[in-house]
Amino acid sequence: MRVYQYENDADLKILRAMAVTVPRDEDMSAVIDEMFEIMRSSGGIGLAAPQVGLSKRLFIVEVEEGEPLVFINPELIETSTSFAKNDEGCLSLPGVYGPVMRPKKIVIQAENRQRRRFKMEATGVMAVCVQHELDHLNGILFLDKMEERKRVQLLAQYQQLIMGEIKKG
Ligand code: CO
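This report concerns the structure included in the present document. (Residues numbered from 1 in each chain as written. Predicted model: local features only at pLDDT ≥ 70, side-chain atom pairs only at ≥ 80, totals over all residues. Heavy atoms only, no water.)

1. Here we look at the sheet that holds strand S1 (residues 46-48)
Here is step 1 of the chain: One open sheet accounts for five strands, arranged S1-S2-S3-S6-S7; its pairing is antiparallel. The strands lining the two open edges of the sheet, one partner per strand, are S1 and strand S7 (117-122). Direction aside, neighbouring strands of the sheet carry axes that sit 40° apart on average.
Here is step 2 of the chain: Here six bridges tie strand S6 (residues 106-111) to S7, and the two strands are oriented antiparallel to one another. Counterpart to Ala110 in the pairing with S7 is Phe118. (Pairing = 2+ DSSP bridges. Helix = DSSP H or I, 4+ residues; strand = E, 2+ residues; numbered from the N terminus. Axes fitted to C-alpha atoms, helices over the stretch in contact; angles between N-to-C directions.)

2. Here's the deal with the side chain of Arg115
Here is step 1 of the chain: Examined against the element boundaries, Arg115 turns out to sit in the loop between S6 and S7.
Here is step 2 of the chain: The class for Arg115 is buried, based on a relative accessible area of 10%.
Here is step 3 of the chain: Polar contacts involving the side chain of Arg115 include one to the main-chain carbonyl oxygen of Glu26, which spans 3.0 Å.
Here is step 4 of the chain: In contact with Arg115, not counting residues within four places along its chain, are Val22, Pro23, Arg24, Glu26, Ile72 and Asn73. (Buried < 20%, exposed > 50% of the residue type's maximum accessible area, 1.4 Å probe, protein only. Polar contact = N/O pair within 3.5 Å; in protein donor to acceptor, adjacent residues only side chain to side chain. Contact = heavy atoms within 4.5 Å.)

3. What to know about helix H2 (residues 29-42)
Here is step 1 of the chain: The end-to-end C-alpha distance of H2, which contains 14 residues, comes to 20 Å, matching closely the 20 Å that a straight helix rising 1.5 Å per residue would cover.
Here is step 2 of the chain: Every buried residue of H2 is listed here: Ile32, Met35, Phe36, Ile38 and Met39.
Here is step 3 of the chain: Here the buried face of H2 lies against S1, strand S2 (58-61) and strand S3 (69-79).
Here is step 4 of the chain: In the segment just after H2, Gly43 is the residue with positive phi, at about 75°. (Expected span 1.5 Å × (residues − 1).)

4. As for unusual backbone geometry
Here is step 1 of the chain: Unlike most non-glycine residues, Asn73 shows phi in positive territory, near 45°.
Here is step 2 of the chain: You can see Asn73 is positioned in strand S3.
Here is step 3 of the chain: Since its relative accessible area comes to 11%, Asn73 is described here as buried.
Here is step 4 of the chain: Residues other than glycine seldom take positive phi values, yet Arg115 does so here, at roughly 65°.

What follows is the structure, given as structure tokens:
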């Protein structure tokens, strides 16, 4: 398992796809374990299945260390009318960060690792992270939600980073 990258055309195709519902009887635990491993070793706080090449409606979050959360077939059921702008980053575009405006508070419903339905209210970093990961399931990346000027800046920065990596070999 590896994290799919924005600059790779084949990877981007998956990152841009609409992920499909996870069937009721499909055991995702092995995939989930691997996802947590790769997320933690990359220093991320969230990871969506399409980011590891799996176009399924599943993402994981670990905002507080030791409090792993699994969201299978998630549905956003409420969003606040008040918004907040926060800097976001993404393991599919490592090394660059930019401001995204999102609802401050959300209520989300999903199935956990044991496929039990749960409902959760989130604010702060958790709300940001959950919305960012949920977007991944719909082929949306955080840069899509940035102001044009900031997006251009971020992509230029990312391009430079990648060129640097290529030179380093
Ligand atoms: Co991301």
